[in-house]
Amino acid sequence: MFMHSDQIVLTPQTAARLIEDQFPHWAGLPLVPVLPGGTVNAVFLLGDDLVARFPLQPADPQAALLVLEGEAAAARELAGRTRFATPEPVAIGAPGEGYPMPWSVQTRLPGTPADRVDAGSGTDFALDLAEFVRGVRAIDTRGRVFRGQGRGGRIADHDAWVRTCLERSEGLLDVPRLRRLWEGRLRDLPRGSDPDVMSHGDLMPGNLLVREGRLVGVVDVGGLGAADPALDLLCAWDVLEEGPRAVFREALGVGDAEWERGRAWAFEQALGLVWYYRESNPPMSRIGRRTLRWILESEG
């Protein structure tokens, strides 16, 4: 089942042909689809050391190329800035027969995504996650500020989207309670005076790689950029249980206002996951449900 109404059809055979035509030195390497894959990319393991990523939704190819080049630049900026592995860009492919978009190849990282293991109950994992966030925040913004798209600016700017999600969630969630929380506590939280810091931007469980209960790598790093310091705190609600969540907060020294904004960013993200991926990506929908449950439980 497709995750998006306009999703591009990409078969493994087409992906293999694109690789063979444009990068013949990789022809013949095993090409294995990652299932379930990403929400915005079809992902294939290419040999032992590489990952090929193909955007799932159509866009202007030149604009999409600029996005991929920006993601590659972000990956290069983050590489080596923490002790945790992050993917490094290797190549950008062009549109070809059977596929209308540019695509990318990057290094493959070891570890198991945190949505497939019980990582959120571990204190060591929480401390690792705090260390990663602290390391990303230490990167110089070089004068950059939030670019005005997606999460990371003013929470209230997402009110229309949240209202849509609440309407779509009737019969799936306790919408009256969620609406009261959004309108009464979260929507109008002030941004505060803290300057933007560098943020990963999408520390979802599927982007956190785990080995033996410890964080060993972080993927999907192309969104690295300046944003509200609270943005990367959403991982506390996406993946960490109550005890480790408190450890994570203490390790970062997060104050009440910033912590509450992090909860609001997690709420906004999770609410969309539940209904949008209910049928097309049930594991992602379940992540959203769990995050919302943890947020509501924190209300007492």
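Residues numbered from 1 in each chain as written. Predicted model: local features only at pLDDT ≥ 70, side-chain atom pairs only at ≥ 80, totals over all residues. Heavy atoms only, no water.

## What about the overall build of the protein chain?
Check the secondary structure of the protein chain and you find 9 helices and 10 strands. By the compact-globule yardstick of 19 Å for 300 residues, the protein chain fits well, its C-alpha radius of gyration being 19 Å. The dimensions of the protein chain, computed from C-alpha atoms along their principal axes, are 55 × 40 × 40 Å. Taking all 300 residues of the protein chain together, the buried fraction comes to 50%. Across the protein chain, the fraction of contacts at a sequence separation of at least 24, relative to all contacts at a separation of at least 6, is 74%. Counting every atom, the protein chain has about 14,000 Å² of accessible surface; 50% of that belongs to carbon and sulfur. When the 33 positive and 42 negative side-chain charges of the protein chain are each reduced to one mean point, those points stand 3 Å apart. (Helix = DSSP H or I, 4+ residues; strand = E, 2+ residues; numbered from the N terminus. Rg over C-alpha atoms; globule rule 2.2 N^0.38 Å. Buried < 20%, exposed > 50% of the residue type's maximum accessible area, 1.4 Å probe, protein only. Contact = heavy atoms within 4.5 Å. Areas by Shrake-Rupley, 256 points an atom, 1.4 Å probe, with all protein chains shown as cover. Lys, Arg positive; Asp, Glu negative; His and termini not counted. Charge placed at Lys NZ, Arg CZ, Asp CG, Glu CD.)

## Concerning the sheet that holds strand β9 (residues 214–218)
Pairing in this open sheet of 3 strands is antiparallel, and the strands run β6-β8-β9 from one edge to the other. Across the chains shown, the open sheet's two edge strands, defined by having one partner strand only, are β6 (112–113) and β9. For strand β8 (residues 208–211) and β9, the ladder comprises 4 bridges, and the chain directions are antiparallel. Opposite Arg211, over in β9, you have Arg214 as the bridge partner. Sheet contacts for helix α3 (residues 123–137): β8 and β9; angle to β9, the most-contacted strand, approximately 35°. (Pairing = 2+ DSSP bridges. Axes fitted to C-alpha atoms, helices over the stretch in contact; angles between N-to-C directions.)

## Some points on the packing of helix α4 (residues 159–168) against helix α5 (residues 175–186)
Between α4 and α5, whose axes approach to 10 Å, the crossing angle comes to 170°. By the angle class used here, α4 and α5 are roughly antiparallel. Where α4 approaches α5, its residues Asp159, Val162, Arg163 and Leu166 are matched on the opposing element by Val175, Leu178, Arg179, Trp182 and Glu183. By residue class, the composition of the contact of α4 with α5 is 5 nonpolar, no polar and 4 charged. (Parallel < 35°, antiparallel > 145°, perpendicular 65-115°, else oblique. Nonpolar A, V, L, I, M, F, W, Y, C, P; charged D, E, K, R; others polar.)

## Here's the deal with the packing of α5 against helix α8 (residues 256–276)
Where α5 contacts α8, the two axes come as close as 11 Å, and the packing angle between them is 145°. Two packed elements cross with a definite hand, and for α5 against α8 that hand is left-handed. Counted together, Leu178, Leu181, Trp182, Arg185 and Leu186 of α5 and Glu260, Arg263, Ala264, Phe267 and Leu271 of α8 form the full contact between these two elements. A breakdown of the residues in the contact of α5 with α8 according to their chemical character gives 7 nonpolar, no polar and 3 charged. (Left-handed = near helix turned anticlockwise from the far one by under 90°.)

## Focus: the pattern of salt bridges
Where charged atoms from two side chains of opposite charge come close, those side chains can pair. Using the criterion set out here, one finds 23 salt bridges in the structure. The shortest N-O distance in the salt bridge between Arg154 and Asp157 comes to 2.7 Å. The exposure class assigned to Arg154 is partly exposed, which follows from its relative accessible area of 48%. A relative accessible area of 51% means that Asp157 is categorised as exposed. Each of Arg83, Asp124, Asp128, Glu131 and Arg214 takes part in one network of salt bridges that share partners. (Salt bridge = Lys/Arg side-chain N within 4 Å of Asp/Glu carboxyl O.)

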